[in-house]
Amino acid sequence: MSLALSGTVLCKAAGSAAIFAAIGASAYVTALRDKARLRRLDSLIALIVLIRDQIDRYLTPVSEILRRCDPEVIDGCFIGCSADETEKERQIPTDIRGLVDAIAEGEFFSDGKDALVGFAADFGRSFREEELRSCDACLESLRQTRSRLMEELPKERRSRTVLCFCIAAAIIIILI
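Quick caveat, the model's predicted, so the values are computed rather than measured.

About the criteria used
- Residues numbered from 1 in each chain as written.
- Predicted model: local features only at pLDDT ≥ 70, side-chain atom pairs only at ≥ 80, totals over all residues.
- Heavy atoms only, no water.
- Axes fitted to C-alpha atoms, helices over the stretch in contact; angles between N-to-C directions.
- Helix = DSSP H or I, 4+ residues; strand = E, 2+ residues; numbered from the N terminus.
- Parallel < 35°, antiparallel > 145°, perpendicular 65-115°, else oblique.
- Contact = heavy atoms within 4.5 Å.
- Nonpolar A, V, L, I, M, F, W, Y, C, P; charged D, E, K, R; others polar.
- Core = buried A, V, L, I, M, F, W, Y, C linked by side-chain atoms within 4.5 Å.
- Buried < 20%, exposed > 50% of the residue type's maximum accessible area, 1.4 Å probe, protein only.
- Salt bridge = Lys/Arg side-chain N within 4 Å of Asp/Glu carboxyl O.
- Left-handed = near helix turned anticlockwise from the far one by under 90°.
- Arc of directions from axis to C-beta.
- Phe/Tyr/Trp six-rings, centres within 6.5 Å; stacked < 30°, edge-to-face > 60°.

**Things to note about the packing of helix H6 (residues 113–122) against helix H7 (residues 128–175)**
Consideration 1: Running from amino to carboxyl end, H6 crosses H7 at an angle of 170°, the nearest separation of the two axes being 9 Å. Our classification of the angle between H6 and H7 gives roughly antiparallel. Judged by residue contacts, Ala115, Leu116, Phe119 and Asp122 of H6 engage Glu131, Ser134, Cys135, Cys138, Ser141 and Leu142 from H7.
Consideration 2: Looking at the contact of H6 with H7, its residues break down into six nonpolar, two polar and two charged.

**Some remarks on the nonpolar core**
Within soluble globular proteins, side chains that are nonpolar generally end up buried alongside one another.
Consideration 1: Within the largest apolar cluster, 34 residues are counted, with the highest numbers of intra-cluster contacts made by Leu47, Ile48, Ile51, Ile96, Leu116, Phe123 and Leu142.
Consideration 2: Looking at this core, the elements that each hand over two or more residues are helix H1 (2–58), helix H2 (62–68), helix H3 (71–77), helix H5 (96–103), H6 and H7.
Consideration 3: In terms of residues, this core owes the most to one element, H1, which gives eight residues.
Consideration 4: The contact partners of Ile48, leaving out residues within four places of it in the chain, are Phe119, Cys135, Cys138, Leu139 and Leu142.

**Observations concerning the side chain of Gln54**
Consideration 1: On the secondary structure map, Gln54 appears in helix H1.
Consideration 2: Judged by relative accessible area, Gln54 falls into the buried class, the value being 14%.
Consideration 3: In contact with Gln54, other than residues within four places in its own chain, are Leu59, Thr60, Ile65 and Arg68.

**Some points on the environment of Arg158**
Consideration 1: Summarising the element assignment, Arg158 is placed in helix H7.
Consideration 2: On the accessibility criterion, Arg158 (52% relative accessible area) is exposed.

**A word on the pattern of salt bridges**
Consideration 1: Summed over all chains, the structure comprises 13 salt bridges.
Consideration 2: Taking the shortest distance from any N to any O, the salt bridge between Glu107 and Arg33 comes out at 2.8 Å. In this pair, Glu107 is assigned in the loop between H5 and H6 and Arg33 in helix H1, connecting sequence segments 74 residues apart.
Consideration 3: Residue Arg33 is classed as partly exposed on the basis of its relative accessible area of 35%.

**Let's talk about the packing of H5 against H6**
Consideration 1: Packing of H5 against H6 brings their axes to within 8 Å, and their N-to-C directions diverge by 150°. Comparing their axes, H6 and H5 come out roughly antiparallel. You can see that H5 and H6 cross each other, and the crossing is left-handed. Seen from H5, the contacting residues are Ile96, Arg97, Val100 and Ile103; seen from H6, they are Leu116, Val117, Phe119, Ala120 and Ala121.
Consideration 2: Residues of the contact of H5 with H6, tallied by class, amount to eight nonpolar, no polar and one charged.

**Here we look at H5**
Consideration 1: Those residues of H5 not exposed but buried are Ile96, Leu99, Val100 and Ile103. The buried residues of H5 all sit within an arc of 95° when viewed along its axis, so they share a single face.

**Structural notes on the packing of aromatic side chains**
Each pair of aromatic rings is reported with the distance of its centres and the angle of its planes.
Consideration 1: One pass over the structure, following the stated rule, counts two aromatic pairs.
Consideration 2: Centroid distance Phe20 to Phe165: 5.7 Å. Interplanar angle 20°. Geometry classified as stacked. On the criterion of sequence distance, the pair formed by Phe20 in helix H1 and Phe165 in helix H7 is long-range, its members being 145 residues apart.
Consideration 3: Residue class for Phe20 comes out partly exposed when judged on its relative accessible area of 33%.
Consideration 4: When its relative accessible area of 31% is taken as the criterion, Phe165 is described as partly exposed.
Consideration 5: Ring geometry for Phe119 against Phe123: centres 4.7 Å apart, planes inclined by 40°, an arrangement best described as tilted. The two residues Phe119 and Phe123 agree in class, both being buried.

Dropping the structure here:
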């Protein structure tokens with residue numbers, strides 16, 4: 001009888017450990033996802049800064065700016081897009097509208113969507129000063145979104161993790 005009891009206890013302990021491990025893994029994956037969202041925003045901000053700088057200093061065409069852009073920045077803009085898009089050889093868009101359309105299917109597109117769509121709609125149709133103002137407005141909006149996410153994401157992650165651990169503890173207590 002004691003062997004059956006200890007086997008039962010061992011199974012319950014193993015199940016409890018598995019539940020807590022799953023919650024811990026979920027928290028880790030959520031933290032990685034949050035970092036990816038912020039990295040995408042950082043890449044978009046870096047791209048808009050580069051575009052603004054190149055237009056302000058050299059009046060470089062956007063297609064040339066995108067062609068010369070650091071591949072890490074362009075790849076960062078595509079974080080959260082479908083795996084098919086990242087696995088195959090990606091064609092670099094030749095204009096801002098093409099870039100926004102290419103990343104529009106991404107998981108994190110809602111972060112800064114209004115700024116990017118407005119920027120793409122206005123960009124390339126006016127004089128230098130208006131282009132710079134458009135870049136500045138987009139940058140300000142993206143930076144505000146990033147600041148907001150920097151505040152909200154850790155709080156949300158912490159509350160979700162605590163709630164999940166409490167639910168796991170309740171399930172384990174009920175099962176024991």
